[in-house]
Amino acid sequence: MTATRSVVLGCGSYLPQQILTNAELAARIDTSDEWIVQRTGIRQRHIAAEGEFTSHLAINAARAALADAGIDAQSIDLIVLGTSTPDHTFPATAVAVQAALGIHHGAAFDLQAVCSGFIFALSTADSFLRTGAFKRALVIGAETFSRILDWNDRGTCVLFGDGAGAVILEAQQQPGEASDRGILTTHLRSDGRHKTKLYVDGGPSSTRTVGYLRMEGREVFKHAVGMITDVIYDAFKATGTTAEDIDWFVPHQANKRIIDASAHKLHIPPHKVVLTVDLHGNTSAASIPLALSVAVKDGRVKKGDLVLLEAMGGGFTWGSALLRW
Ligand code: ACO
């Protein structure tokens, strides 16, 4: 029995030009390169320029993904953009991307699930494609977290960076087997009991301000590995696969210690883990497509590879996706 699958046609990414190193941060606040690298694995992050918005990063990533796929923007009929740092409260940043690409048909909307935003956006687009509602989707994760950081809070400002990544998905008929190309399964979870452990202390309805990111770092750390591995076991169970079948593990790039501990618990060897947190920091919803893009460009992720994605973030929200490239 055949199955409709969302197959990846291409991916792309964009990073703002300006790089902020740990040493530069240490010159401004009471921190050190050694502390940041030891606790997080982060060495540098990119920071959007004055006047450079989330939509600008997203548009550049989208254009790179379209070029990689070798398709015309006009063939896209769905845009789902994961972000917690939109250009404006409304309209959605996705419509700015849609307009810049000259697309006047189909639908475009934002989705907010913080660091899990890309997995939630991918799963949403996949669901629409499989119902037949849309044919080709542009799924983007784009953030300018530098704009919501308290640059005097050394416990948070050293962790995050700006960037964007995108993938193009197309609904295709596949044989309906584990060897199918495309998204094989996605699993999404949320638990609002943890909503104050990682949040922004402002918003249009509460304070009429944008606010700053606040986090209980240890609490996030404590829950992360368990939540991540649970939802990956769900993906294995749904597809009859095991960690041994995975060619590439592309996790949300929050913190090297969380990634290492998750991979270790899953018995995924380090050489199968794609790591970009050292160069990008935590770019929230953008981190997975940014990492994917690096691993595709350098030839690691190839057609037919089984790729495991996961993320966990504010809410808490968490999720996994298993796909064959
Ligand atoms: N530089 C130097 N010292 C620092 C810094 C810093 N940037 N930040 C905190 N410290 C100090 C603290 O003040 C504290 O000092 P004290 O002992 O004198 O009070 C000491 O370092 C230890 O602080 P902790 O917060 O307990 O440090 P911890 O080892 O937990 O590391 C960290 C903090 C890196 C934030 C860790 O908790 C963590 O990685 N948590 C996960 C958070 C995360 O990744 N969030 C991303 C968003 S969620 C997601 O994407 C999964």
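> What is the right way to look at helix H3 (residues 54–69) in this model?
Each α-helix turn comprises 3.6 residues. Residues three or four places apart therefore point the same way. With 16 residues, H3 extends 22 Å between its outermost C-alpha atoms, agreeing within 8% with the 22 Å of an ideal straight helix rising 1.5 Å per residue. Looking at the buried side of H3, the elements it contacts are strand S1 (3–14), strand S4 (78–82), helix H4 (93–100), strand S6 (136–144) and strand S7 (162–174). At the exit of H3 stands Gly70, carrying a positive phi of roughly 70 degrees.

> Where do I start with the sheet that holds strand S13 (residues 317–324) in this structure?
What holds strands together in a sheet is hydrogen bonding between their backbones, with the strands either parallel or antiparallel. Taken together, four strands build an open sheet; the order of strands is S8-S13-S12-S11 and the sheet is mixed. At either end of the open sheet lies a strand with only one pairing partner, and these are strand S8 (182–190) and strand S11 (248–251). Adjacent strand axes in the sheet meet at a mean angle of 10 degrees, parallel and antiparallel pairs treated alike. Both S8 and S13 contribute to a ladder of eight bridges, which runs antiparallel. Looking across to S13, one finds that Thr186 is bridged to Ala321. With respect to the sheet, helix H10 (residues 287–297) is in contact with S11 and strand S12 (306–313), its orientation differing from that of S12 by roughly 150 degrees.

> Help me out: how do you make sense of the site of the ligand in this one?
Close contacts around the ligand come from 23 residues, with Thr31, Arg39, Arg154, Arg218 and Asn255 the closest. Note that an oxygen atom of the ligand is positioned 2.8 Å from one of the side-chain N or O atoms of Arg39. Between Met312 and the ligand, the recorded distance is 3.5 Å, taken from a backbone N or O atom to an oxygen atom. Put simply, the parts of the chain that give the shell around the ligand at least two residues each are helix H2 (33–40), helix H6 (154–157), helix H7 (217–239) and helix H8 (256–266). The dominant element in the shell around the ligand, judged by the number of residues it contributes, is H7, at four residues. In the shell around the ligand, the residues fall into 11 nonpolar, seven polar and five charged. Of the domains in this structure, domain 1 (3–174) and domain 2 (182–324) are the two that each give at least three residues to the shell around the ligand.

> What is the right way to read the sheet that holds strand S5 (residues 107–111) from this model?
In spatial order, the strands read S1-S7-S6-S4-S5; together these five strands make up an open sheet with mixed pairing. Two strands bound the open sheet, and with one partner strand each, they are S1 and S5. Each adjacent strand pair in this sheet contributes to an overall mean axis angle of 20 degrees, direction not counted. Summarising the sheet, S1 and S7 pair through 11 bridges and their orientation is antiparallel. In the sheet register, Arg5 faces S7, and the bridge partner there is Gln172. Docked against the sheet, H10 engages S1, S6 and S7, running at close to 85 degrees with respect to S1.

About the cut-offs
Sequence order sets the numbering: in each chain, residues are counted from 1 along the sequence as written. In view of the model being predicted, local features appear only for residues whose pLDDT reaches at least 70, and side-chain atom pairs are presented and counted only at 80 or more, with totals across whole chains, interfaces and linings using the full set of residues. As a rule here, side-chain values cover all heavy atoms of the structure and leave hydrogens and water aside. The secondary structure listing takes helices from DSSP runs of H or I that are at least 4 residues long and strands from runs of E that are at least 2 residues long, numbered from the N terminus. Helices are assigned an expected span. That span is 1.5 Å times one less than the residue count. Should any heavy atoms of two residues lie within 4.5 Å, those residues are considered in contact. For two strands to count as paired, DSSP must find a minimum of two bridges between them. What counts as an axis is a line fitted to C-alpha atoms, over the stretch in contact for a helix, and the angles between N-to-C directions run from 0 to 180 degrees. Any residue with a heavy atom lying within 4 Å of a molecule or strand is counted as near it. Identification of polar contacts relies on pairs of N or O atoms within 3.5 Å, with a donor-acceptor requirement for protein atoms, meaning one able to donate a hydrogen and the other able to accept it, and with residues adjacent in sequence counted only if both atoms are side-chain atoms. Note on residue classes: Ala, Val, Leu, Ile, Met, Phe, Trp, Tyr, Cys and Pro are nonpolar, Asp, Glu, Lys and Arg are charged, and everything else, Gly too, is polar. Start and end points for every domain follow an automatic or database-based domain assignment.

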